[in-house]
Amino acid sequence: MTIATTREDHEEHHPDLRIWGLLTFLCSESLMFGGFFATYLFFRGITEVWPPEGTEVELFLPTINTIILLSSSFVIHLGDVAIKKNNVKAMRFWYLVTAVMGTVFLFGQVYEYMNLGYGLTANVFSNCFYIMTGFHGLHVFVGLLLILGVVWRSRRPGHYSATKHTGIEMAEIYWHFVDIIWIVLFTLIYILTLF
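Procedures and definitions
- Residues numbered from 1 in each chain as written.
- Predicted model: local features only at pLDDT ≥ 70, side-chain atom pairs only at ≥ 80, totals over all residues.
- Heavy atoms only, no water.
- UniProt positions renumbered as here; feature names shortened; annotations may be inferred.
- Helix = DSSP H or I, 4+ residues; strand = E, 2+ residues; numbered from the N terminus.
- Buried < 20%, exposed > 50% of the residue type's maximum accessible area, 1.4 Å probe, protein only.
- Contact = heavy atoms within 4.5 Å.
- Areas by Shrake-Rupley, 256 points an atom, 1.4 Å probe, with all protein chains shown as cover.
- Lys, Arg positive; Asp, Glu negative; His and termini not counted.
- Charge placed at Lys NZ, Arg CZ, Asp CG, Glu CD.
- Expected span 1.5 Å × (residues − 1).
- Core = buried A, V, L, I, M, F, W, Y, C linked by side-chain atoms within 4.5 Å.
- Salt bridge = Lys/Arg side-chain N within 4 Å of Asp/Glu carboxyl O.

As annotated in an unreviewed UniProt entry, the protein chain is Oxidase aa(3) subunit 3 from Chrysosporum bergii ANA360D. Recorded under Sequence similarities (unreviewed entry), the UniProt text for the protein chain is reproduced unchanged: "Belongs to the cytochrome c oxidase subunit 3 family."

Structure representation (structure tokens):
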């Protein structure tokens, strides 16, 4: 019996559960964000003026940031499509474009923080705002590390191919999760605050 046969037998009897592990992790993260959303909605419901005076939200920059982040979901998917056609160079290109878009999003968020005029402890709204958007920003940063890790590992010939691309799919799934969370955050904090 050769090593290759043993590896094939192992794969037949033990399926790759990494994707399920990632999905389980994302479910736990969803519950945490769900707690943030519930807390935000609770305080919004019991507070007379929301957001309190002096903590207005700007809509222009966050809207641009939202367009960039949501567009990056389509871009990263192009990388997944490319690798399934065995085109590592195209996958690498689309993943790098996604990383640039995610970086622009984070810089936009930092710029917004620097120009808001209120800090984390100004009131309950500002506390919820900074914690939720900051925690989401941390997830975007982790997603960037995953994407750059995929690009780095793709330098090795044969590491990713049309039949071997679990790491690419995991980075894409994580990135879509980050985008979905942002849609909810953007709706709660920016859109509903206007009404």
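1. Here we look at the overall build of the protein chain
The helix and strand tally for the protein chain stands at 6 helices and 0 strands. Going from N to C terminus, the protein chain has its helices and strands arranged as α-α-α-α-α-α. Once the C-alpha set of the protein chain is aligned to its principal axes, its extents read approximately 75 × 30 × 25 Å. Out of the 195 residues belonging to the protein chain, those deemed buried represent 39%. In the protein chain, 81% of the contacts between residues at least 6 apart in sequence involve partners at least 24 apart. Accessible area of the protein chain: about 11100 Å², with a carbon and sulfur share of 70%. The distance from the centre of the 11 positive side-chain charges to the centre of the 15 negative ones in the protein chain is 15 Å.

2. Some thoughts on helix α3 (residues 60-84)
Helix length check: α3 (25 residues) gives 37 Å between terminal C-alpha atoms against 36 Å at 1.5 Å per residue, within 8%. Listing the buried residues of α3 in full gives Pro-62, Asn-65, Thr-66, Leu-69, Ser-72, Ser-73, Val-75, Ile-76, Gly-79, Asp-80, Ala-82 and Ile-83. Each element contacted by the buried residues of α3 is listed here: α4 (88-114), α5 (124-153) and α6 (166-191). Phi turns positive one or two residues past the end of α3, at Asn-86, with a value near 65°.

3. Things to note about unusual backbone geometry
Here the amide bond leading from Trp-50 into Pro-51 is cis, since omega sits at -5°, within 30 degrees of zero. Among the structural elements, Pro-51 can be located in the loop between α2 (18-46) and α3. Phi angles above zero are rare outside glycine, and Asn-86 is one such case at about 65°. When you line up the elements, Asn-86 lands in the loop between α3 and α4.

4. Section: the nonpolar core
Residues Tyr-40, Met-91, Tyr-95, Phe-125 and Ile-189 are the most contacted members of the largest nonpolar core, which totals 43 residues. Listing elements by their share of this core, those giving two or more residues are α2, α3, α4, α5 and α6. Of the residues forming this core, the biggest block, 13 residues, is contributed by α6. When neighbours within four sequence positions are excluded, Tyr-95 is seen to be in contact with Ile-76, Gly-79, Asp-80, Ile-147, Val-150, Val-151, Ile-168, Ala-171 and Glu-172.

5. Concerning the pattern of salt bridges
If you walk through the whole model with that rule in mind, you get 2 salt bridges. Measuring nitrogen to oxygen at the nearest pair gives 3.1 Å for the salt bridge that ties Asp-80 to Lys-84. With Asp-80 and Lys-84 both in helix α3 and 4 residues apart, the pair spans about one turn of that helix. Between Glu-169 and Lys-84 there is a salt bridge; the shortest N-O distance is 3.3 Å. Here Glu-169 is found in helix α6, whereas its partner Lys-84 is found in helix α3, with 85 residues between them in sequence. What makes Glu-169 partly exposed here is its relative accessible area of 23%. Residue class for Lys-84 comes out partly exposed when judged on its relative accessible area of 42%. Look at the salt bridges and you will find they share partners, linking Asp-80, Lys-84 and Glu-169 into a network.

6. Some details on the environment of Trp-94
Mapped onto the secondary structure, Trp-94 falls in helix α4. Between the C-alpha atoms of Trp-94 and Ala-82, which are 12 residues apart in sequence, the distance is 8.6 Å. When near neighbours in sequence (up to four residues on either side) are disregarded, Trp-94 contacts Val-75, Leu-78 and Gly-79.

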